[in-house]
Amino acid sequence: MSVLIQAAIVFAVLSLSASDIHFPKDMRTDVQFPPIVKRSDSGLPDGHLRPLGYQKKPEARVKEYQELLAPREFWEQHVQHRVPLVYRQAVVKAPAFTKWQTDDYIREKYGDLDVLIEKKVESRDAQPQRMPLKEFLDSYEYEDWYVVSLLPDPMREEMMVPRSLLCGTFRQHILESNLWISAGGTSSVLHYDADHSLHCLLSGRKDFILIHPKYADQLDLEEKRKFSGSGYSTMNMDMINIFTNPHIAKIPWTWATLRPGDCIFIPSGYFQQVRSYGRSMAGTIMWSPLPEFDDSDCATTDIDQYTPLSQVNMMWTYKKGDKVLAMRHTDPEVFRAGLLTLLKDRDRLRPEHFEYFYEDLMGDKADAPRAREIFGLLDQKKKGFVSMEEIKDMDVSVLKNVARHLDSPHGPVKDHDHSHDEL
């Protein structure tokens, strides 16, 4: 080949912009997990600058079940004591399990629905984008993004509710259902949520590292927002620095691997770090971490009857055309608990007490409503105070309205003449 031709080829390659060059992602799912921990022969600490999990062998595998527990058993054996579990093949009867295996079906039936998009390597400081599902599916095998969004209402018809959640306090306090879609390797930060969750995989593979909440003070945490009940570690999960985080090599952890059809229960406050492989698609059901379980309706509920997500009430939902794709709002029950804690020995909450709480909660958020305005939403009888009993008995719709004012929209707000809010 002549020098002139070689130069022309080099010039043509260099002339392409980065956005014109697309490389398909590695879609393999045959990854070693849990990782093999080896003694370092370099003089450096074991697992230095390696991903989380290479610093110490796991304590055990998360407890697994081949059959789903009844709600009372689920509460007594796991939820009450915040003990994770894995259900094998829990959602294989859902239409989504078979129909959502191809992008063509999803694109044709649900492509016009909006979802929220985030960067593949998760950063809690990054702001999500909003786009039609069809647009995401056209590019996600090449682009550095993934879906984490409210499951749009029409898609709930093809997802199921596992029997463990079909009655009692669980069913009555479901907050939201989320959709997750990614391609190739996706890594989360180590984080914890305010609410209980059941995460169910439809395709691909997911590996979980779980750490008990009692090790929170050793994990370099940053709270999402005061009193939110959720937060994350600032450590780089792909390159743990043992010199700056020596304690990480001593913290016990458990593990789980999900295959299509499997679900994992992650209790409120439990730390999780998740890695996804292949064409990964999953749904999550989240519910409030209430201190007691009322199963008075379970005797008259057929928990073994197939029940789609569309047949249960949820606090946060998304309909096509909604102005805000609400997600990760403050849990109204967590907010109620915060108000009761604020009361301490008092039997009445007054505006001046609430104001200190509110300012601490909102920080320096410039566009936040005034504390007295928010207090007015709670003081529905306009007495100038709210009693402890009123807070305990307050309808969740009131607390939900307050939660909307406390949280900024998660993702862009759609601005057009026909947009509407959920309420």
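Everything here concerns the structure above.
Every value quoted in this text rests on a predicted model; they were computed, and no experiment measured them.

Draft legend 1. Region of the structure containing empty space enclosed by the protein. Inspection of the entire model under this criterion finds two cavities of 30 Å³ or more. In this structure, the largest cavity encloses a volume near 60 Å³. Every residue lining the largest cavity is listed: Leu52, Gly53, Gln55, Ile209, Ile211, Ile248, Ile251 and Trp253. In the lining of the largest cavity, the residues fall into six nonpolar, two polar and no charged. Estimates place the volume of the second largest cavity at around 40 Å³. Lining the second largest cavity are Trp75, Thr169, Phe170, His196, Trp287, Ser288, Pro289, Leu290, Glu292 and Phe293. Considering only residue class, the lining of the second largest cavity consists of six nonpolar, three polar and one charged.

Draft legend 2. The arrangement of unusual backbone geometry in detail. Put simply, Phe33 and Pro34 share a cis peptide bond, and its omega is 0°. Note that Pro34 resides in the loop between α1 (3–15) and β1 (60–61). Although it is not a glycine, Gln89 sits at a positive phi angle of roughly 55°. Mapped onto the fold, Gln89 is located in the loop between β3 (85–87) and α3 (95–99). Overall, Gln89 belongs to the partly exposed group, its relative accessible area being 42%. The backbone of Lys382 shows a phi angle near 55°, a positive value even though the residue is not glycine. Take Lys382: its relative accessible area is 59%, and that puts it in the exposed class.

Draft legend 3. Spatial organisation of the packing of aromatic side chains. Inspection of every chain in the model, using the stated rule, returns 18 aromatic pairs. Taken together, a centroid distance of 5.2 Å and an interplanar angle of 70° make the contact between Tyr192 and Phe271 edge-to-face. Of this pair, Tyr192 sits in strand β9 (residues 191–192) while Phe271 is found in strand β15 (residues 271–287), placing the two residues 79 residues apart along the sequence. Residues Tyr192 and Phe271 agree in their burial class; the two are buried. A connected cluster of aromatic rings, assembled from ring pairs, spans Tyr65, Phe74, Trp75, Tyr87, Phe170, Phe265, Trp287 and Phe293. We note Arg50 situated over the ring of Tyr54; from NZ or CZ to the ring centre the distance is 4.0 Å.

Draft legend 4. Seen up close, the packing of helix α8 (residues 332–343) against helix α12 (residues 396–406). It is at 9 Å that the axes of α8 and α12 come closest, and there the two elements cross at 95°. Comparing their axes, α12 and α8 come out roughly perpendicular. For the pair α8 and α12, the contacting residues are Pro332, Glu333, Phe335 and Arg336 in the first and Val396, Leu399, Lys400, Val402 and Leu406 in the second. Of the residues assigned to the contact of α8 with α12, the class counts are six nonpolar, no polar and three charged.

Draft legend 5. Local environment of the nonpolar core. If you look at the biggest cluster of nonpolar residues, it comprises 54 residues, and the most contacted ones within it are Phe74, Tyr87, Trp100, Leu133 and Phe136. At four residues, strand β7 (residues 174–183) tops the list of elements feeding residues into this core. When neighbours within four sequence positions are excluded, Leu133 is seen to be in contact with Ile106, Tyr110, Gly111, Leu113, Val115, Met155 and Ile181. Counting 21 residues, the second-largest nonpolar core is a separate cluster that includes Leu339, Ile374, Phe375 and Val386.

Draft legend 6. Structural context of the pattern of salt bridges. Applying the stated rule across the entire model yields 23 salt bridges. Here Asp112 makes a salt bridge to Lys320, at a shortest N to O gap of 2.5 Å. Highlighted residues: Asp112 in the loop between α4 (103–110) and β4 (114–119) and Lys320 in the loop between β15 and α8, separated in sequence by 208 residues. A single network of salt bridges, built from pairs that share partners, joins Arg61, Glu64, Arg88 and Asp262.

Draft legend 7. Main features of the pairing of strand β14 (residues 263–266). The alternating pattern of β14 places Cys263 and Phe265 on one face and Ile264 and Ile266 on the opposite face, and all of these are buried. One ladder, built from four bridges, connects strand β10 (residues 196–211) with β14; its direction is antiparallel. Along β14, the bridge assignment pairs Cys200 with Cys263.

Draft legend 8. Up close: α4. Among all positions in α4, only Asp103, Ile106 and Tyr110 are buried. One face of α4 carries all of its buried residues, which in axial projection span an arc of 75°. Seen from the buried face of α4, the exposed residues on the opposite side, beyond 90 degrees, are Asp104 and Glu108. Each element contacted by the buried residues of α4 is listed here: α5 (133–139), α6 (153–156) and β15.

Draft legend 9. A look at the side chain of Ser387. By the element assignment, Ser387 lies in strand β17 (residues 386–387). For Ser387, a relative accessible area of 17% translates into the label buried.

Draft legend 10. View of the state of the cysteines. Inspection of the entire model under this criterion finds two disulfides. Residue Cys167 pairs covalently with Cys298 via a disulfide, S to S 2.0 Å. Classification of the bridge connecting Cys167 and Cys298 rests on its S-S torsion, roughly 95°, and on that basis the disulfide is right-handed. With Cys167 in the loop between α6 and α7 (168–172) and Cys298 in the loop between β15 and α8, the pair connects residues that are 131 residues apart, well separated along the chain. For Cys167, a relative accessible area of 0% translates into the label buried. Residue pairing for Cys200: its cysteine sulfur links by disulfide to Cys263, the two sulfurs lying 2.1 Å apart.

Conventions we followed
- Residues numbered from 1 in each chain as written.
- Predicted model: local features only at pLDDT ≥ 70, side-chain atom pairs only at ≥ 80, totals over all residues.
- Heavy atoms only, no water.
- 1 Å grid on protein atoms, 1.4 Å probe; cavity = no way out; pocket = protein on both sides within 12 Å on 5 of 7 lines; lining within 4 Å.
- Points joined across faces, edges and corners; volume = space filled by probe spheres on them.
- Nonpolar A, V, L, I, M, F, W, Y, C, P; charged D, E, K, R; others polar.
- Helix = DSSP H or I, 4+ residues; strand = E, 2+ residues; numbered from the N terminus.
- Buried < 20%, exposed > 50% of the residue type's maximum accessible area, 1.4 Å probe, protein only.
- Phe/Tyr/Trp six-rings, centres within 6.5 Å; stacked < 30°, edge-to-face > 60°.
- Lys NZ or Arg CZ within 6 Å of the ring centre and 35° of its normal.
- Axes fitted to C-alpha atoms, helices over the stretch in contact; angles between N-to-C directions.
- Parallel < 35°, antiparallel > 145°, perpendicular 65-115°, else oblique.
- Contact = heavy atoms within 4.5 Å.
- Core = buried A, V, L, I, M, F, W, Y, C linked by side-chain atoms within 4.5 Å.
- Salt bridge = Lys/Arg side-chain N within 4 Å of Asp/Glu carboxyl O.
- Pairing = 2+ DSSP bridges.
- Arc of directions from axis to C-beta.
- Disulfide = S-S within 2.5 Å.

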